[in-house]
Amino acid sequence: LSADLQDRGIQEIVAVGESDYRGSPKNRQHNIATGLAQFNGHIVPQGTAFSFNEVLGSVDETTGYKQELVIQGDKTIPDYGGGLCQVSTTAYRGVWEYGFPIQERVNHSYSVRYYFPQGTDATIYPPYKDVQFFNDSPGDLLIQTHTEDGRAYFIYYGTRDARQSEVIGPYTWGAEAPPPDKIERTTDIPPGTERKVGESVPGVKAGWLRVISHPDAQGEKEQFFSFYEARPSYTQIGVTEEELNPPEPEEKVEKSPTRRGWFERWRRRRD
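Residues numbered from 1 in each chain as written. Predicted model: local features only at pLDDT ≥ 70, side-chain atom pairs only at ≥ 80, totals over all residues. Heavy atoms only, no water.

Draft legend 1. Expanded view of the side chain of Arg105. Tracing the sequence through the fold places Arg105 in the loop between β6 (102-104) and β7 (132-134). Residue classification places Arg105 among the buried positions, given a relative accessible area of 16%. Among the polar contacts listed, one links the side chain of Arg105 to the backbone oxygen of Gly119, at a separation of 3.4 Å. For Arg105, the side chain forms a polar contact with the main-chain oxygen of Asp121, separated by 2.8 Å. (Helix = DSSP H or I, 4+ residues; strand = E, 2+ residues; numbered from the N terminus. Buried < 20%, exposed > 50% of the residue type's maximum accessible area, 1.4 Å probe, protein only. Polar contact = N/O pair within 3.5 Å; in protein donor to acceptor, adjacent residues only side chain to side chain.)

Draft legend 2. Inspection of the sheet that holds strand β14 (residues 217-228) at higher detail. Taking strand neighbours across the sheet as the criterion, the three strands line up as β10-β13-β14 in an open arrangement whose pairing is antiparallel. Each edge of the sheet is formed by a strand with only one pairing partner; in this case those strands are β10 (164-176) and β14. Going across the sheet, the axis of each strand differs from the next one's by a mean of 15°, ignoring polarity. With nine bridges connecting them, β10 and strand β13 (residues 203-214) associate as antiparallel partners. Residue pairing in the sheet places Glu176 in a bridge with Gly203 of β13. (Pairing = 2+ DSSP bridges. Axes fitted to C-alpha atoms, helices over the stretch in contact; angles between N-to-C directions.)

Draft legend 3. Geometry of the packing of aromatic side chains. With the rule as written, the count across this model stands at 13 aromatic pairs. Aromatic side chains Trp96 and Trp208 sit 5.4 Å apart centroid to centroid with 85° between the ring planes, which places their arrangement in the edge-to-face category. Residue Trp96 is found in helix α4 (residues 84-98), and its partner Trp208 is found in strand β13; the two are separated by 112 residues along the sequence. Exposure remark for Trp96: the relative accessible area of 1% places this residue in the buried category. By the ring-pair criterion, three or more aromatic residues cluster together here, those being Phe39, Phe50, Phe52, Tyr98, Phe100, Phe133, Phe154 and Tyr156. We note Arg28 situated over the ring of Tyr114; from NZ or CZ to the ring centre the distance is 3.9 Å. Between the NZ or CZ atom of Arg163 and the centre of the ring of Phe100, over which it lies, the distance is 5.2 Å. (Phe/Tyr/Trp six-rings, centres within 6.5 Å; stacked < 30°, edge-to-face > 60°. Lys NZ or Arg CZ within 6 Å of the ring centre and 35° of its normal.)

Written out as structure tokens, the structure reads:
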């Protein structure tokens, strides 16, 4: 490392975040590589907060991203940047395991196989969901990222201090079976077509305990909880607007009797 970096306290590996995305579709792999490159060489100054979204920047076709599956509400549908949560999860794991203060982290709404073990994921959705931590180490942090054999890495260089951190888990409970399959008629896709917008996934709750010890203090214990929803197999069927909202049948309106009609009724009753 250069003398300039060493003067900033960047002299050794402090933490490493790793995740496995083997088996991902091509667009997802592309988005992961594009996102990782955005963080390579970024420096987090000592005594400052890191915001994943701030460094990531815009996510669309103009910044090199492709459409891939993204969780949006109760559906999982293609959008630009699908797979970036693999990058945010990798960034989170390194600083979480080392013992940096976590200022913001949100788990995915349902359990995703790329982020096992459960409770170690960190979703992002700019500008609403972010990953943030505080650099309370003795020096600045330099981030280097790369991929190898379907695995993503965040390597944090800086100056290690005397803290010792241990993460214990996951503890899981509250297992819930997936709901019945769901079918939706929609005009969002061409009539006569189908698309899968959700896989059948069981629900579960997961917890981790992080214990951080300093030479002059007792171990500090922190609990990290994640709540994953049970999701049904969800299929959309394309229909026309008329099929989705058929016109209501017209009600028959009886005509009011004419004056002559009233007169004839009255006369018949008299007779």
